[in-house]
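The primary structure of each chain is shown beneath.
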Amino acid sequence: MDLIEAMRSQPANRFYKPDPVPTEVFHRAVDNARFGPQGGNRQPVRFLIVTDPAKKAQLAEWYMIPWSAYYEQASSEEAVALTAESGDEKATKAVMSKSSVVAANTFAENLANHPAIIVACADLAETHPTDTDLDRLSIVGGASVYPVVQNLCLALRNEGVATTLTTLLCLFEPQVKELLGIPDELATAAHIVAGYPEKPFPTKLTRHPVEEIAFMDSFDNPLTA
Ligand SMILES: Cc1cc2nc3c(=O)[nH]c(=O)nc-3n(C[C@H](O)[C@H](O)[C@H](O)COP(=O)(O)O)c2cc1C
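Quick caveat: nothing in here was measured; it's all calculated off a predicted structure. (Residues numbered from 1 in each chain as written. Predicted model: local features only at pLDDT ≥ 70, side-chain atom pairs only at ≥ 80, totals over all residues.)

## Notes on the overall build of the protein chain
Moving on, step 1. Along its length, the protein chain carries eight helices and four strands.
Moving on, step 2. The linear arrangement of helices and strands in the protein chain, starting from the amino end, is α-α-β-α-α-α-β-α-β-α-β-α.
Moving on, step 3. Radius of gyration (C-alpha) of the protein chain: 19 Å, near the 17 Å computed for a compact globule of 225 residues.
Moving on, step 4. Taking the principal axes of its C-alpha atoms as reference, the protein chain extends roughly 55 × 55 × 40 Å.
Moving on, step 5. Counting across all 225 residues of the protein chain, residues that qualify as buried make up 24%. (Helix = DSSP H or I, 4+ residues; strand = E, 2+ residues; numbered from the N terminus. Rg over C-alpha atoms; globule rule 2.2 N^0.38 Å. Buried ≥ 20, exposed ≤ 12 C-beta atoms within 10 Å, placed from the backbone.)

Here it is as structure tokens:
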């Protein structure tokens, strides 16, 4: 498929058909994804594709713990904002039922039933963080991991397979590693749900315009066409 179309139409997909994704589709996707850039070309990324129902059920149970807390807060904040906007609780309920946070909750409640959960792992000793001595959260190590993860999502998109990148389960890294027999030297970087989407891929995602996120030479000079 067209690269630009793929980049612009790859949402966090919340609804999946139950059909399994064939192993050869995963193989082709990883085969294409592995060409992403990595610091020093040390190639720290590993993928574990989980389709076993009992393992997915356990992952789903752990996922719901941080998700429930997040959802409670996010949905009440959204309801307050919507009611303030419309002044009408009934209208708020109608909008909320279609909101992305409610869809994300349905996605969470069905986590065990989605066809696959791909655990993206990274050997942190093979990442190349150059910012660990700065007085802030280190971010550079992730740059050896997430380009390949995004490549995987795009490669699956090319096969008609939808994905949702999640990170809440990283809180349960020790338990997840034990459950799935992940080698000691690997950290869990993301859990990517994958499957065929229930509805067609969207044509438009909500994102900031170019002028708000890119600048020429100085931050008071937005990049314009
Ligand atoms: C680093 C990262 C972590 C995320 N973690 C979660 C998560 O734990 N659970 C979830 O439902 N979605 C998660 N998402 C998906 C985001 O909510 C989603 O990408 C965002 O809302 C944009 O959605 P859209 O692409 O459908 O417009 C995550 C996305 C990223 C990039």
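Resuming the write-up.
## Things to note about the site of the ligand
Moving on, step 1. In the vicinity of the ligand, the contacting residues are P11, A12, A104, F107, T164, L165, T166, T167, L168, L205 and T206.
Moving on, step 2. Those elements giving two or more residues to the shell around the ligand turn out to be α5 (100-109) and β3 (162-166).
Moving on, step 3. The class makeup of the residues in the shell around the ligand is seven nonpolar, four polar and no charged. (Near = placed C-beta within 6 Å. Nonpolar A, V, L, I, M, F, W, Y, C, P; charged D, E, K, R; others polar.)

## Overview of the sheet that holds strand β2 (residues 116-123)
Sheet strands pair via backbone hydrogen bonds, and the direction of the pair is either parallel or antiparallel.
Moving on, step 1. A sheet is described by the order of its strands in space; here four strands give the open sequence β1-β2-β4-β3, paired in antiparallel fashion. Bordering the open sheet on either side are β1 (45-50) and β3, each of which pairs with just one other strand. Between one strand axis and the next, the sheet turns by 25° as a mean value, whatever way the strands run.
Moving on, step 2. One ladder, built from six bridges, connects β1 with β2; its direction is antiparallel. Across the sheet, the residue bridging to V45 is A122, located in β2.
Moving on, step 3. Helix-sheet contacts for helix α6 (residues 146-158) involve β1, β2, β3 and β4 (186-195), and the interaxial angle to β4 is about 15°. (Pairing = 2+ DSSP bridges. Axes fitted to C-alpha atoms, helices over the stretch in contact; angles between N-to-C directions. Contact = placed C-beta atoms within 7 Å.)

## Quick word on the nonpolar core
Moving on, step 1. Within the largest apolar cluster, 35 residues are counted, with the highest numbers of intra-cluster contacts made by A120, V149, L152, I192 and A194.
Moving on, step 2. Of all the secondary-structure elements, those providing two or more residues to this core are α2 (23-33), α3 (53-86), β2, α6 and β4.
Moving on, step 3. Per-element tally for this core: the top contributor is β2, with seven residues.
Moving on, step 4. Setting aside its immediate chain neighbours within four residues, L152 contacts A29, V30, A33, F47 and I192. (Core = buried A, V, L, I, M, F, W, Y, C linked by C-beta atoms within 7 Å.)

## Considering α3
Moving on, step 1. Here α3 is 34 residues long, yet its end C-alpha atoms lie only 43 Å apart, well below the 50 Å a rise of 1.5 Å per residue gives.
Moving on, step 2. Every buried residue belonging to α3 is among K56, L59, Y63 and W67, and all of these are buried.
Moving on, step 3. Immediately downstream of α3, the backbone of G87 shows phi near 70°, a positive value. (Expected span 1.5 Å × (residues − 1).)

## A look at the pairing of β2
Moving on, step 1. Counting buried positions along β2 yields seven of eight residues, so the element is predominantly enclosed.
Moving on, step 2. By the bridge criterion, eight bridges tie β2 to β4 in an arrangement that is antiparallel. Across the sheet, the residue bridging to A116 is A194, located in β4.

## Looking at the environment of I213
Moving on, step 1. Turning to its location among the elements, I213 is positioned in helix α8 (residues 210-213).
Moving on, step 2. Between the C-alpha atoms of I213 and L223, which are ten residues apart in sequence, the distance is 8.2 Å.

## Observations concerning the packing of α3 against α5
Moving on, step 1. One can describe the packing of α3 onto α5 by two numbers: an axis separation of 10 Å at closest approach and a directional angle of 160°. Accordingly, the angle class assigned to the pair α3 and α5 is roughly antiparallel. The hand of the α3/α5 crossing is left-handed. Side by side, α3 and α5 meet where Y63, M64, W67, Y71, A74, S75 and E78 of the first sit next to V101, N105 and A108 of the second.
Moving on, step 2. When its residues are assigned to classes, the contact of α3 with α5 shows seven nonpolar, two polar and one charged. (Parallel < 35°, antiparallel > 145°, perpendicular 65-115°, else oblique. Left-handed = near helix turned anticlockwise from the far one by under 90°.)

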